[in-house]
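Geometric and topological summary
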Amino acid sequence: MSESLKPVTAIKAPVHLEFSYTAGRASTRFLRGMAQGKILGQRCPECGKVYVPPRGSCTICAVPTDVEVEVTGKGTVTTFCIVRIPSDSLSIDPPFTCAHILLDGADLPFFALIQECPFDEVRMGMRVEAVWVPKEELGPTFESIKYFRPIDEPDASFESYKEHL
Amino acid sequence: MRDVAIVSFAQAKNVRRELDANEVEMVMPVVSEAVEQSGIPRREIGFTCSGSCDYLAGQPFSFVSALDAVGAWPPISESHVEMDGAWALYEAWVKIQIGDIDSALIYAFGKASMGDLPDVLTLQLDPYYVAPLGPDSVSMAALQARAYLEATGRSERDLAAVAARSRKDAKTNPAAQVTGDFDPERLLGEPYLVSPLRKHDCPPISDGAAAIVLASGDLARKVCKRPAWIRGIDHRIEAHGLGNRDLAKSLSTAEAGRRAGLGTGAVDIAELHAPFTHQELILRDALGLGNEVRVNPSGGPLAGNPMMVAGLARFGEAARVLMDGQASRAVAHATSGPCLQQNMVAVLEGE
């Protein structure tokens, strides 16, 4: 094929955009709590569900969740998976455990890492607690919680979290 | 065709920079107000459709998280357009025409303050020959303004008059962002931004949200004293390449207006989604609106222009005038793309 018949397969079109994030009222409260080593959620005034992290609204009732609730770092693993696929964007080596954790007093599980536990011992219903970064490293970020680790408590019954899978 | 009407409208105040609320927190009060005003229980609304653009927030799927504001669990029937909310209204109108639902909630939101709006809008251009050159939205509008002024013999004074009238009318609109009494002659003394456009010829950059509830026939009559009936609605698009179009005219608006039934009678008011002063004049020409037609009594986009919202707000503002009984026939118009590329026209009537 002559040079002139080679297909043109690329052009350069660099795009650069910068954005400033607006956390919003609810997330701002939550992130400021993180900087103090506190976990702050919000309760729906209609159905009573507690959202952690709060997004400022109840997804069921579509009303503002304006009642602030502090919850502890203790919770229950509702489901989990063992990640065995390496990725450049991960800061830890596989295998490692990701879990959905339902904090005591909250109604919405969230995604977190489980560590200080052999990955083949993680199980649904396992009781865990948050491990925070050192106090001087706390900041307005979810990364103030490093990961969750098991605690010496009997497993939660399936009944207690089956609504939150 | 089924009779479909706008039965409620709510919008947030247009502001330059909403630093307090995120998108969900911005949308929720507006949706709640529109639903409450409609008198239709939220769970009985048959369909929800939204309009927004993820590029504005720089967050993929930001429209999905906005669903937190509408009570989408247990699952609702829902859709989204990556366009102005007016096109979400069109989708909902079509769905009601199909006949399986009687009501719909439409909402739109845009928080342009999170990024650099003119740069974001450049990305909607032809990605091979135009976008890499980086023309911003104001410069493209200025190309059109020059073409229009030269083609019609209109003057920059005519443009300043549009700006002054918009800002004056906006004084009575609590949602408006730019209001006040301005002498057109003094506006002409201001420096050019991108000639022939001055600052007053351009819309403000706004954060905002709006919501509308549509209802069909008997339901509309039951919940609303004076529904704003959509008698005709149509939208048309022109070529992507600006050079392929006559920028001094809006053929797509003229055709959409004709198909929406605009020519079948006089109109009292028109809410035109004309972000730039010269675009109001182009749209007036395209729709054949004479001086007797009051254009943008709300102040229009020159008084507040939240991206993805301002078109839907034109439908809401036109409907509000009809629902209040201040007019009996109105035009609502929405646009999308650079230099009035795509246009929607609806004819609304009070009872």
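Calculation rules
- Each chain carries its own residue numbering, running from 1 in the direction its sequence is written.
- In the order they appear in the text, chains get letters beginning with A and ligands get numbers beginning with 1.
- Residue-level local features of this predicted model are given only where pLDDT is at least 70; pairs of side-chain atoms are given and counted only at 80 or more, and the full residue set underlies all totals for whole chains, interfaces and linings.
- Values reported for side chains reflect all heavy atoms of the structure, with hydrogen atoms and water molecules removed beforehand.
- Where helices and strands are cited, they refer to DSSP runs of H or I of at least four residues and of E of at least two residues respectively, numbered from the N terminus.
- With C-alpha atoms as the basis for the radius of gyration, the globule rule is written as 2.2 Å multiplied by the number of residues raised to the power 0.38.
- The classification of residues rests on relative accessible area computed with a 1.4 Å probe and restricted to protein chains. Under 20% of the type maximum is buried, over 50% is exposed, and intermediate values are partly exposed.
- By this definition, two strands are paired if DSSP reports at least two bridges between them.
- Salt bridge criterion: a side-chain nitrogen from Lys or Arg within 4 Å of a carboxyl oxygen from Asp or Glu.

**Quick notes on the overall build of chain A**
Helix and strand counts for chain A come out as two helices and eight strands. Listing every helix and strand of chain A by position from the N terminus yields α-β-β-β-β-β-β-β-β-α. Relative to the globule expectation of 15 Å for 165 residues, the C-alpha radius of gyration of chain A, 21 Å, shows a markedly less compact shape. The dimensions of chain A, computed from C-alpha atoms along their principal axes, are 75 × 40 × 35 Å.

**What about the pairing of strand β5 (residues 96–103) of chain A?**
All names here are of chain A. A large share of β5 lies buried, amounting to seven of its eight residues. Bridge count between β5 and strand β6 (residues 110–114): five bridges; the pairing is antiparallel. Residue Thr97 lies in a different strand from β6, and its bridge partner there is Ile114. The antiparallel hairpin formed by β5 and β6 contains six residues in its connecting segment, where Gly105 sits at a positive phi of about 90°.

**Structural notes on the sheet that holds strand β12 (residues 342–349) of chain B**
All names here are of chain B. Within the open sheet, the 10 strands sit side by side as β3-β2-β4-β7-β1-β8-β12-β11-β9-β10. Their pairing is mixed. Single-partner strands in this sheet number two, and they are β3 (78–81) and β10 (294–295). As paired elements, strand β4 (residues 103–111) and strand β7 (residues 207–216) share nine bridges and run antiparallel to each other. By the bridge assignment for β7, Phe109 is matched with Ala209.

**Topic: the pattern of salt bridges**
Residues and elements named next belong to chain B. Evaluated as defined, the whole model comprises 31 salt bridges over all chains. We note a salt bridge from Asp102 to Arg2, for which the minimum N-O separation is 2.6 Å. Taken together, the residues span a long stretch of sequence, with Asp102 in the loop between α4 (85–98) and β4 and Arg2 in the segment before β1 (4–11) at a distance of 100 residues. The exposure class of Asp102 is partly exposed, given its relative accessible area of 39%. Among the salt bridges present, the one from Lys171 reaches Asp181, with a minimum N-O distance of 2.6 Å.

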